[in-house]
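# Structural characterization, general
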Amino acid sequence: MTEDGVLVWKSQNRHIPESPVVRKLVSHDAARNNVYLFLRGNGRDTYTYLGPVAFRDWDPLSSQPVHFTWTILNWPLPEGLADRLNVQLKPALTPTYSTGRVQIPTGGLTEVSSTARKRGGRAPTTSTITPDWAEREQRNRELGLAGEHLVLQFERDQLFKAGKRELSELVEHVAQVNSAAGYDIKSFDPETGGQRYIEVKTTTASMHTPFFISRNEVGVSRDFGDAYWIYRVFDYDAKEGRASFYRRCGAVEDVFGLCATSYSAVAKDQENE
């Protein structure tokens, strides 16, 4: 395990790159199904649940065992847990990674109308600098987690103020245990007590900045209908731990315009295999 939340793992010695279980792991998509990590310090200890992981990379030349790396989605670990499990963290694989822990935001959320007019400005410029994708992934994970914590606290506060104390204690951070659920938080309607399924999209930019949403999330929103909510958190200020947000409920394609930005490609002679 590395300082930037990468699990270095080997399969059982009998496995080779062509093994069915190896092929299944290599094709893992964290947005569609889950792989969970349990760890123990030694053979006498009970296992500790560390949350879901996502396939990162593998060495196709390795065999008996096959070598993998996985991204630990619930990173960083709670304070002191690595020491308790006797885990010695290896140097970060991301050169620019900072070992500082993610700060839980405390400044709160301010709800605004989503119909505010977009201000004019300069046309965006095209950068010729190749982005550091590993650094960007780490930064996005931390930003997303910060937004989720803000919404968690907001939902609990709203239910508590509405006299629904028991429900406020049942608000769940689903993304921490099920990355394929299609939503991040399960909450409740302050008036009816009905369940709400909340997907949080966070940015440091303005409210008009487009956001990415997965096919799975769109499908889940269609299934849940008006019980599904998008909370668009924007203008996030890490120093102050606060942000603004607006929210919409219903199937995503009914309340947002969707624009395809990527495709899954299969060679035409393989389509029917």
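Our subject in this report is the structure included herewith. Residue numbers restart at each chain and count upward from 1, following the sequence in its written direction. Thresholds applied to this predicted model are a pLDDT of at least 70 for local features of residues and 80 or more for the giving and counting of side-chain atom pairs; totals over whole chains, interfaces and linings are not thresholded and use all residues. Processing note: side-chain calculations cover all non-hydrogen atoms of the structure and skip hydrogens and water entirely.

## Examining the sheet that holds strand β3 (residues 48-59)
Consider a sheet: its strands pair through backbone hydrogen bonds, and that pairing is either parallel or antiparallel. To keep things clear, this is the line we draw: Strand pairing follows a simple DSSP-based rule, namely that at least 2 bridges must link the two strands. Numbering goes from the N terminus for both helices and strands, where a helix is a DSSP run of H or I of at least four residues and a strand is a run of E of at least two. What counts as an axis is a line fitted to C-alpha atoms, over the stretch in contact for a helix, and the angles between N-to-C directions run from 0 to 180 degrees.
Spatially, four strands are ordered β1-β4-β3-β2 in an open sheet, and the strand pairing comes out antiparallel. One side of each edge strand has no neighbouring strand; the edge strands of this open sheet are β1 (6-10) and β2 (35-39). Recorded for the sheet is a direction-independent mean angle of 45° between the axes of neighbouring strands. Direction of pairing for β3 relative to strand β4 (residues 67-72): antiparallel, over a ladder of six bridges. Residue pairing in the sheet places Ala 54 in a bridge with Thr 71 of β4.

## Quick notes on the pattern of salt bridges
When the charged atoms of two side chains lie near each other, side chains of opposite charge can form a pair. Heads up, the condition is: In the sections that follow, a salt bridge refers to a side-chain nitrogen of Lys or Arg positioned within 4 Å of a carboxyl oxygen of Asp or Glu. Categorising residues by exposure relies on relative accessible area from a 1.4 Å probe, with only protein chains included: less than 20% of the type maximum marks a residue as buried, more than 50% marks it as exposed, and the intermediate range marks it as partly exposed.
Under the defined criterion, the tally for this structure stands at eight salt bridges. Glu 253 is paired through a salt bridge with Arg 222; the nearest N and O atoms lie 2.8 Å apart. Taken together, the positions of Glu 253 in helix α6 (residues 252-255) and Arg 222 in helix α5 (residues 215-224) put the pair 31 residues apart, joining distant regions of the chain. The exposure class assigned to Glu 253 is partly exposed, which follows from its relative accessible area of 34%. Judged by its relative accessible area of 47%, Arg 222 falls in the partly exposed class. Linked by salt bridges that have partners in common, Glu 111, Glu 155 and Arg 247 make up one network.

## So, the environment of Val 35
Let me state the cut-off plainly: Contacts: residue pairs with any heavy atoms within 4.5 Å of one another.
Positionally, Val 35 belongs in strand β2. Through-space distance from the C-alpha of Val 35 to that of Trp 70 is 9.7 Å; in sequence the pair is 35 residues apart. Not counting residues up to four positions away in its chain, the partners in contact with Val 35 are His 28, Gly 51, Pro 52, Val 53 and Trp 70.

## Topic: the nonpolar core
We count it as follows: Nonpolar cores were defined as sets of buried Ala, Val, Leu, Ile, Met, Phe, Trp, Tyr and Cys residues, with membership established by side-chain atoms within 4.5 Å.
Core analysis: the largest hydrophobic core is formed by 20 residues, its most contacted members being Leu 109, Val 151, Ile 185, Ile 198, Tyr 231 and Val 233. Breaking this core down by element, the ones donating at least two residues are α3 (133-161), β6 (185-188), β7 (195-202), β8 (228-237) and β9 (242-249). If one sorts the elements of this core by residue count, α3 sits on top with seven residues. Contact partners of Val 233, with chain neighbours within four places excluded, come to Leu 109, Val 151, Val 200, Lys 201, Thr 202, Thr 203, Ala 243, Ser 244 and Phe 245.

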